[in-house]
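Each chain is listed here by its residues.
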Amino acid sequence: LIARPHFRLAVITNQPYLNEGTLTIDELRAIGDNLRFKFYGSLENLLSREAFLSIQEDYLDIEVCPHLVNENCGCRKPNIELFQKAIQNFGDTTLSPLSSNTFFPARIFVVGDQLSDYEATENLRRKYPNAVVKMVLVISRAGLGRNTNKTLKMGKKRPDKVAKNLFEAAAWISEQSPAKRYMR
């Protein structure tokens, strides 16, 4: 649904399991390779997996924070350092009128099931006030999204969309796209 030329997908993930030793870098790379294959595979199904993995496209970026919560790094969500890195990596964002060196995206959609995803969305809204920044809370099988939704409601905060799964989140994001009217 979102593997289209006008979308750029950045996966920003906190993975303290790398630091804890319960996830290896090779396992994480395999997950990333599978995600890339599925993403690009939905664009074009004619190439082999190896051909897809060798493509240096600028439609997908995966950024990982391996740090534990108590390490207080700048890359762990809700901080937005990795979001900013992904935005710079795409390189085709709109130039800010304030500076020739400053980039900002026109639209950002954050999809997640954690309170840190919601907080990162708020931080992005502050950093990019001229961008449309939306948050989709996914109610995961693990129940994290449900607990996050309860916490947000208690604080009178709401995500822009609550989705049952990633497919529903992607469909909603696709519906929000101004380019949708030009597509079949």
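This is a predicted model, so every value here is computed, not measured.

### Here we look at the pattern of salt bridges
According to the stated counting rule, one finds six salt bridges in the structure shown. Among the ionic pairs, Asp-117 bridges to Lys-77, the shortest N-O distance being 2.7 Å. Taken together, the residues Asp-117 in helix α5 (residues 115-127) and Lys-77 in the loop between β2 (60-65) and α4 (81-90) connect sequence positions 40 residues apart. Comparing Asp-117 with Lys-77, the two get one shared label, buried. Of the charged contacts in the structure, one is a salt bridge between Arg-125 and Asp-160, with a shortest N-O distance of 2.5 Å. Of the two residues, Arg-125 sits in helix α5 while Asp-160 sits in the loop between α6 (144-154) and β7 (161-163), which places them 35 residues apart along the sequence.

### Some words on α6
Residues of α6 that are buried: Gly-145, Thr-148, Asn-149 and Leu-152. Looking straight down α6, one finds that the buried residues subtend no more than 100° of arc, so they occupy a single side. Counted as exposed and oriented over 90 degrees from the buried face of α6: Lys-150 and Met-154. On its buried face, α6 sits against α5, β6 (132-138) and β7. At the C-terminal side of α6, Lys-156 shows a positive phi close to 55°.

### What to know about α5
For α5, built from 13 residues, the straight-helix expectation of 18 Å at 1.5 Å per residue is met to within 8% by its first-to-last C-alpha distance of 18 Å. Along α5, the residues classified as buried are Ser-116, Asp-117, Tyr-118, Ala-120, Thr-121 and Leu-124. If you follow the buried residues of α5, they end up packed against β1 (9-14), α4, β5 (107-112), β6 and α6.

### Quick word on the environment of Leu-152
Along the chain, Leu-152 turns up in helix α6. On the accessibility criterion, Leu-152 (2% relative accessible area) is buried. Aside from chain neighbours lying at most four places away, what touches Leu-152 is Leu-115, Tyr-118, Lys-157 and Pro-159.

### A word on the nonpolar core
Ranked by internal contacts, the top residues of the largest apolar core, which has 16 residues, are Phe-83, Ile-108, Leu-124 and Tyr-128. Those elements giving two or more residues to this core turn out to be α4, β5 and α5. No other element matches the four residues that α4 contributes to this core. What Ile-108 contacts, discounting residues up to four positions off in sequence, is Ile-87, Leu-124, Tyr-128, Val-132, Val-133 and Lys-134. Listed in part, the seven residues of the second largest apolar core include Phe-109, Val-136, Val-138 and Ala-163.

### A closer look at the packing of aromatic side chains
Given two aromatic rings, their pairing is described by the distance between the two centres and the angle made by the two planes. Enumeration according to the criterion identifies one aromatic pair in this entry. For the pair Phe-109 and Trp-172, a centre-to-centre distance of 6.2 Å together with 90° between the ring planes defines the contact as edge-to-face. Residue Phe-109 is found in strand β5, and its partner Trp-172 is found in helix α7 (residues 166-176); the two are separated by 63 residues along the sequence. The class for Trp-172 is buried, based on a relative accessible area of 17%.

Parameters at a glance
- Residues numbered from 1 in each chain as written.
- Predicted model: local features only at pLDDT ≥ 70, side-chain atom pairs only at ≥ 80, totals over all residues.
- Heavy atoms only, no water.
- Salt bridge = Lys/Arg side-chain N within 4 Å of Asp/Glu carboxyl O.
- Helix = DSSP H or I, 4+ residues; strand = E, 2+ residues; numbered from the N terminus.
- Buried < 20%, exposed > 50% of the residue type's maximum accessible area, 1.4 Å probe, protein only.
- Arc of directions from axis to C-beta.
- Contact = heavy atoms within 4.5 Å.
- Expected span 1.5 Å × (residues − 1).
- Core = buried A, V, L, I, M, F, W, Y, C linked by side-chain atoms within 4.5 Å.
- Phe/Tyr/Trp six-rings, centres within 6.5 Å; stacked < 30°, edge-to-face > 60°.

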